[in-house]
Amino acid sequence: MKSVAINGFGTIGKRVADAVAAQDDMKVIGVSKTRPNFEARTAVEEKGYPLYIGIPERENLFKEAGIEIAGTVEDMIQEADIVVDCTPGNIGPQNLEMYKKAGVKAIYQGGEDHELTGLSFNSFANYDDSYGADYARVVSCNTTGLTRTLHTLNPLVDIKKVRAVMVRRGSDPSEIKKGPINAIVPNPPKVPSHHGPDVQTVMKGIDVTTMALLVPTTLMHQHNLMVEIGNEVSNDEVIDLLEKRSRVMVVEAGAGLDSTAALMEYAKDLGRSRNDLYEIPVWKESINVVDNELFYMQAVHQESDVVPENVDAIRAMLEIESDREKSITKTNKAMGIL
Ligand SMILES: NC(=O)C1=CN([C@@H]2O[C@H](COP(=O)(O)OP(=O)(O)OC[C@H]3O[C@@H](n4cnc5c(N)ncnc54)[C@H](OP(=O)(O)O)[C@@H]3O)[C@@H](O)[C@H]2O)C=CC1
Ligand SMILES: O=C(OP(=O)(O)O)[C@H](O)COP(=O)(O)O
């Protein structure tokens, strides 16, 4: 049983902790917070995770709030085989020296640059690259979404060139300080956006160019893909491929799954923890091959699609499982992923 520490218990960290706790070959030995708020209390009192503090000077604040702490993040990582860094983007680099000093392996998230670890991870595209690695980064939610479906198409579909327009959610549902609340924002304003190069960190050599907008919604991101192809493929063949791949689901607008709102309702109906939709839904009606181009539209539940990838990354880096399909299947089963 391998020991996993989660540094940062926010949107991604709390989900990674629960996903790790659901596996039978790894356990959560601690999570960290910097503020003694309801999430800190829930971690200890409801989930039973030992809580460590990211900013040692704040120990008194936790004491005053009556929240039991087990020590500092430095203490936590001493006990761990691997730490999953789920701190906000750009905090991670400050932690790398600490991890190195403690001799602990570390997984970063998509808010950090690929260059931080020199190794990026997606379960389907490049599991083997991280086998036994000390440091890797699970690519961001959008990059994971693009990679999941593009990698599924390959090799039946001869992908020549990918162009994608990404409609990004303005903030996560729990956030109140981000927006927009009444605008559409080219974001990043520079074209192309970083998502194309990010896909290339896990799918080497693919020609993919992206542009992105922020819109006033918190539920999901949405992607519109135009894929130039070099062979003849039918719509049904593409649908069949996507239907067979786990962590991807073909959904029908005609059956009522016609928006990100309906998809989130579906996740609730499935009884998912936190209403999460780990799978990338692709709208069946949007899948269309016209001449030498394949079009499709998909959505990404930004809070959860990267969570199973983190579990697989732990298995690869700690050499628990050398076969990516076995890890994916095990993770899926433990998390109830379709
Ligand atoms: N949210 C999303 O849609 C997605 C995010 N990501 C990436 O995942 C990473 C985490 O994002 P997200 O979960 O949204 O972030 P959140 O802000 O929701 O959570 C961050 C967590 O880190 C803690 N933290 C803050 N500062 C420090 C610090 N100095 N040291 C240790 N812990 C700290 C926070 O604790 P406290 O609250 O107590 O301060 C909080 O628990 C980022 O790289 C992000 O880009 C990837 C995919 C999707
Ligand atoms: O969209 C995301 O990352 P990405 O656009 O870099 O793939 C994540 O949901 C984090 O986004 P944020 O940096 O707007 O919080």
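Note: the structure precedes this text.
Residues numbered from 1 in each chain as written. Chains lettered and ligands numbered in written order. Predicted model: local features only at pLDDT ≥ 70, side-chain atom pairs only at ≥ 80, totals over all residues. Heavy atoms only, no water.

Participant: Is there a simple way to explain the site of ligand 2 in this structure?
Facilitator: Near ligand 2, the surroundings consist of Ser-140, Cys-141, Asn-142, Arg-168, Arg-169, Lys-178, His-194, His-195, His-221 and Gln-302. A distance of 3.0 Å separates an oxygen atom of ligand 2 from a polar atom in the side chain of Lys-178. Take His-194: an N or O atom from its side chain is 2.8 Å from an oxygen atom of ligand 2. Coverage of ligand 2 by the protein amounts to 71% of the 390 Å² it exposes when considered alone. For the shell around ligand 2, the secondary-structure elements that each account for two or more residues are α8 (141–153) and β9 (159–169). Each residue belonging to the shell around ligand 2 can be placed in one class, and the counts come to one nonpolar, six polar and three charged. (Near = heavy atom within 4 Å. Polar contact = N/O pair within 3.5 Å; in protein donor to acceptor, adjacent residues only side chain to side chain. Areas by Shrake-Rupley, 256 points an atom, 1.4 Å probe, with all protein chains shown as cover. Helix = DSSP H or I, 4+ residues; strand = E, 2+ residues; numbered from the N terminus. Nonpolar A, V, L, I, M, F, W, Y, C, P; charged D, E, K, R; others polar.)

Participant: Sorry if this is basic, but what is going on with helix α2 (residues 38–45) here?
Facilitator: It helps to recall that an α-helix has 3.6 residues per turn; residues three or four apart then point in one direction. Every buried residue of α2 is listed here: Glu-39, Ala-40, Ala-43 and Val-44. Seen along its axis, α2 keeps its buried residues to an arc of 130°; they face one direction. Tucked inside the fold, the buried residues of α2 contact α1 (11–21), β2 (26–33), β3 (51–53) and α3 (59–64). Of the residues that open α2, the one with a side-chain oxygen 3.1 Å from the backbone nitrogen of Glu-39 is Asn-37. (Buried < 20%, exposed > 50% of the residue type's maximum accessible area, 1.4 Å probe, protein only. Arc of directions from axis to C-beta. Contact = heavy atoms within 4.5 Å.)

Participant: It is not clear to me how the environment of Val-28 should be interpreted in this structure. Could you clarify?
Facilitator: Inspection of the secondary structure puts Val-28 in strand β2. The spacing of Val-28 and Pro-50 is 22 residues in sequence and 8.5 Å in space, taken between C-alpha atoms. Here Val-28 is in contact with Val-4, Ile-6, Ala-17, Val-20, Ala-21 and Tyr-49, once residues within four sequence places are set aside.

Participant: How do you make sense of the pattern of salt bridges when you look at a structure like this?
Facilitator: Taken as a whole and judged by the stated rule, the model has 25 salt bridges. Here Glu-252 makes a salt bridge to Lys-284, at a shortest N to O gap of 3.8 Å. With Glu-252 in the loop between β13 (248–251) and α11 (260–269) and Lys-284 in the loop between β14 (280–283) and β15 (288–290), this pair connects stretches of sequence that are 32 residues apart. On the basis of relative accessible area, Glu-252 is assigned to the partly exposed category, the value being 38%. Lys-268 is the partner of Glu-265 in a salt bridge, and the nearest nitrogen-oxygen pair spans 3.7 Å. (Salt bridge = Lys/Arg side-chain N within 4 Å of Asp/Glu carboxyl O.)

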